[in-house]
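Listed below, chain by chain, are the residues.
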Protein chains: 2
Amino acid sequence: MTGSDAYRQRREDVAAAVWRVLDHAGFAGLSMRAVARELDATTGIVTHYFPSKRELTSFALELLAQRSATRARPATAKGTADLRSALLDTLPLDAASQTSNRIWISSWDAALADVHHAAEHADRYRGSRAKVAGLVVEFLPEGERDDERVDRVTETLHSFVLGLTVQAVLDPAAYPPERQIALLDGLLSDLV
Amino acid sequence: MTGSDAYRQRREDVAAAVWRVLDHAGFAGLSMRAVARELDATTGIVTHYFPSKRELTSFALELLAQRSATRARPATAKGTADLRSALLDTLPLDAASQTSNRIWISSWDAALADVHHAAEHADRYRGSRAKVAGLVVEFLPEGERDDERVDRVTETLHSFVLGLTVQAVLDPAAYPPERQIALLDGLLSDLV
DNA sequence: AGCGTTGCATAACGACTGTTATGTCGTCCA
DNA sequence: TGGACGACATAACAGTCGTTATGCAACGCT
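Residues numbered from 1 in each chain as written. Chains lettered and ligands numbered in written order. Predicted model: local features only at pLDDT ≥ 70, side-chain atom pairs only at ≥ 80, totals over all residues.

Novice: It is not clear to me how the protein's contact with DNA strand C should be interpreted in this structure. Could you clarify?
Specialist: Around DNA strand C, a shell composed of 18 residues is seen, among which Thr42 and Gly44 of chain A together with Ser31, Thr47 and Ser52 of chain B lie nearest. Broken down by secondary-structure element, the contributors of at least two residues to the surface near DNA strand C are helix H1 (5-25) and helix H3 (43-49) of chain A together with helix H2 (32-38) and helix H3 (43-49) of chain B. Classifying every residue of the surface near DNA strand C gives six nonpolar, nine polar and three charged. (Near = placed C-beta within 6 Å. Helix = DSSP H or I, 4+ residues; strand = E, 2+ residues; numbered from the N terminus. Nonpolar A, V, L, I, M, F, W, Y, C, P; charged D, E, K, R; others polar.)

This is how it looks when you write it as structure tokens:
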């Protein structure tokens, strides 16, 4: 059956190969054969687990989103998730995060040409904003927690982090991790 | 000669066709034949004016950057370029700006897989930041014009506008022009 | 013990890719 | 008035693309 553990595991192996191809060749270099080559296998395996390229990329991106969302928060021994560490988690501060952000940026070209992918992206960003909004409520002083203020701060921070991510991925030398952190901390303190 | 007016004009016609293809098909849908079709011509004309696809895309993107930089600032009858209107000019507030921003976002996939394009992008963003920095100096109150503060505000605003642009292009319904303007104005007032 | 099903490999399909070669007009120049 | 040259069109090249069909070995079930 399609729910078998081995089956699901193999689909995730293929998805991981997709990530590796996207990381060093982008969507423009993503082909069934390239994925198979990355797996040291033939295209038969790819078509066996995915009926089409669109389903393959959809699955790989969705799995990447899940993995990024549930991966263990590294430092921040505090236990409680605060706004700052949640935002830091999305920035490309280490190699793994650099890779996944690189993949997202590459995927936008496909998303803009394909309504199916575009809708998935919009949903993901809406969910991401909702998560940030919950933390912004705790972040703002008690007197400023009206909905409008919360929404505005949330979207401002979300846009800022996204834009910073794009620049850090496109030009890593100009945005080393310390610089990214300093800019985020500066903005957070300016917003209260 | 390669400097003839007609020659240059024809190269710009081809570049404009590239923009149109990118706008509705992205880099993934950009082929020599698609550009020719957009021109109601054959691939002969494309290869006649550009020796390779890379040179074609480089030229088209560079011309787009120049056009965007020198296009007449619309409203703002004030005459003097201030920070707010400079940032508004880069946001996808109208159809034309939506199109060009869409093209830039699509181009990142190609840029990340191609060092040549990546370097051109990094240069462009550095230049854009430098232009913003000059306006930030006038924007900040006199007491806060130290280099560090100016740089931080510049990069913060630059990242914010870039991230907002990405979201507005990927999900226009969530970010109508009024919302983009409100978010920018909110951030500008929070930064002083 | 036989048999269907799973998990691949291999090969081929037509379509499309960037690039190159060749042909054919018209225009300008001597 | 011929002849080079620019501006294309046409066609072909070898390669890659996503997808489909077929083959085959191993394994589980009855």
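Novice: So what exactly am I meant to see when it comes to the nonpolar core here?
Specialist: Nonpolar side chains in soluble globular proteins tend to end up buried together. Of all hydrophobic cores here, the largest spans 90 residues; its most connected members are Val18 and Leu87 of chain A together with Val18 and Leu87 of chain B. Apart from the residues within four sequence positions on either side, Val18 of chain A is in contact with Leu30, Val35, Leu56, Thr57 and Ala60 of chain A. (Core = buried A, V, L, I, M, F, W, Y, C linked by C-beta atoms within 7 Å. Buried ≥ 20, exposed ≤ 12 C-beta atoms within 10 Å, placed from the backbone. Contact = placed C-beta atoms within 7 Å.)

Novice: Please explain the relation of the copies chain B and chain A as it appears in this structure.
Specialist: Relating one copy of the chain to the other requires a rotation about an axis plus a shift along that axis. In the superposition of chain B on chain A (RMSD 0.0 Å, axial shift 0.0 Å), the rotation amounts to 180°. Viewed as a symmetry operation, the transformation between the two copies matches a two-fold axis. (Least-squares fit on C-alpha atoms with pLDDT ≥ 70 in both.)

Novice: Whenever I open this one, the environment of Asp151 of chain B confuses me. Can you help?
Specialist: As for its position among the elements, Asp151 of chain B is in helix H8 (residues 147-170). With 66 residues separating them in the primary sequence, Asp151 of chain B and Ser85 of chain B have C-alpha atoms 19 Å apart.

Novice: So what exactly am I meant to see when it comes to the interface of chain B and chain A here?
Specialist: For an interface, size is often stated in terms of accessible area lost upon the parts coming together. Taken together, the contacts link 36 residues of chain B with 36 residues of chain A. Secondary structure elements with two or more residues in the side of chain B that touches chain A: helix H6 (95-113), helix H7 (115-139), H8 and helix H9 (177-190) of chain B. Examining the composition of the side of chain B that touches chain A, we find that twelve residues originate from one element, H8 of chain B, more than from any other. Considered class by class, the residues forming the side of chain B that touches chain A number 21 nonpolar, nine polar and six charged.

Novice: Help me out: how do you make sense of the packing of helix H6 (residues 95-113) of chain A against H6 of chain B in this one?
Specialist: Helix-helix packing is characterised by the crossing angle of the two axes and by the distance between the axes. Relative to each other, H6 of chain A and H6 of chain B sit at 130°, their axes nearing to 8 Å. In this view, H6 of chain A runs oblique relative to H6 of chain B, as classed from their interaxial angle. For H6 of chain A against H6 of chain B, the interelement crossing comes out left-handed. Here Arg102, Ile105, Ser106, Trp108, Asp109 and Leu112 of chain A of H6 of chain A lie close against H6 of chain B, whose contacting residues are Arg102, Ile105, Ser106, Trp108, Asp109 and Leu112 of chain B. The residue makeup of the contact of H6 of chain A with H6 of chain B, split by class, is six nonpolar, two polar and four charged. (Axes fitted to C-alpha atoms, helices over the stretch in contact; angles between N-to-C directions. Parallel < 35°, antiparallel > 145°, perpendicular 65-115°, else oblique. Left-handed = near helix turned anticlockwise from the far one by under 90°.)

Novice: Would you mind going over the packing of helix H1 (residues 5-25) of chain B against helix H4 (residues 53-70) of chain B with me for this structure?
Specialist: All names here are of chain B. Look at H1 against H4: their axes get within 9 Å of each other, and the N-to-C directions meet at 90°. In this view, H1 runs roughly perpendicular relative to H4, as classed from their interaxial angle. In this structure, H1 uses Arg11, Glu12, Ala15, Val18 and Trp19 to contact H4, whose residues at the interface are Leu56, Thr57, Phe59, Ala60, Leu63 and Leu64. Classifying every residue of the contact of H1 with H4 gives eight nonpolar, one polar and two charged.

Novice: Mind showing me how you'd approach the protein's contact with DNA strand D here?
Specialist: Contacts to DNA strand D come from 18 residues, most closely from Ser31, Thr47 and Ser52 of chain A together with Thr42 and Gly44 of chain B. Considering only residue class, the surface near DNA strand D consists of six nonpolar, nine polar and three charged.

Novice: Explain helix H7 (residues 115-139) of chain A to me, please; I cannot follow it from the model alone.
Specialist: Along an α-helix, a turn takes 3.6 residues, which lines up residues three or four apart on a common side. Under the 1.5 Å per step criterion, the end-to-end length of H7 of chain A is 36 Å for 25 residues, consistent within 8% with the ideal 36 Å. Along H7 of chain A, the residues that are buried comprise His121, Val132, Val136 and Phe139 of chain A. Buried residues in H7 of chain A make contact with helix H5 (83-90), H6 and helix H8 (147-170) of chain A together with H8 of chain B. (Expected span 1.5 Å × (residues − 1).)

Novice: It is not clear to me how H5 of chain A should be interpreted in this structure. Could you clarify?
Specialist: Within H5 of chain A the residues assigned to the buried category are Leu83, Ala86, Leu87 and Leu88 of chain A. Where the residues of H5 of chain A are buried, they touch H7, H8 and helix H9 (177-190) of chain A.

Novice: Honestly, the domain arrangement of chain A in this entry has me stumped. Any pointers?
Specialist: All names here are of chain A. When cut into domains, chain A gives domain 1 (3-64) and domain 2 (74-191). Centre-to-centre separation of domain 1 and domain 2, based on C-alpha positions: 27 Å. Each partner contributes to the interface: domain 1 provides ten residues, whereas domain 2 provides ten residues. Among the secondary structure elements, those contributing two or more residues to the side of domain 1 that touches domain 2 are H1 and helix H4 (53-70). Looking at which element gives the most residues to the side of domain 1 that touches domain 2, the answer is H4, with five residues. The class makeup of the residues in the side of domain 1 that touches domain 2 is five nonpolar, three polar and two charged. (Domains from an automatic or database assignment.)

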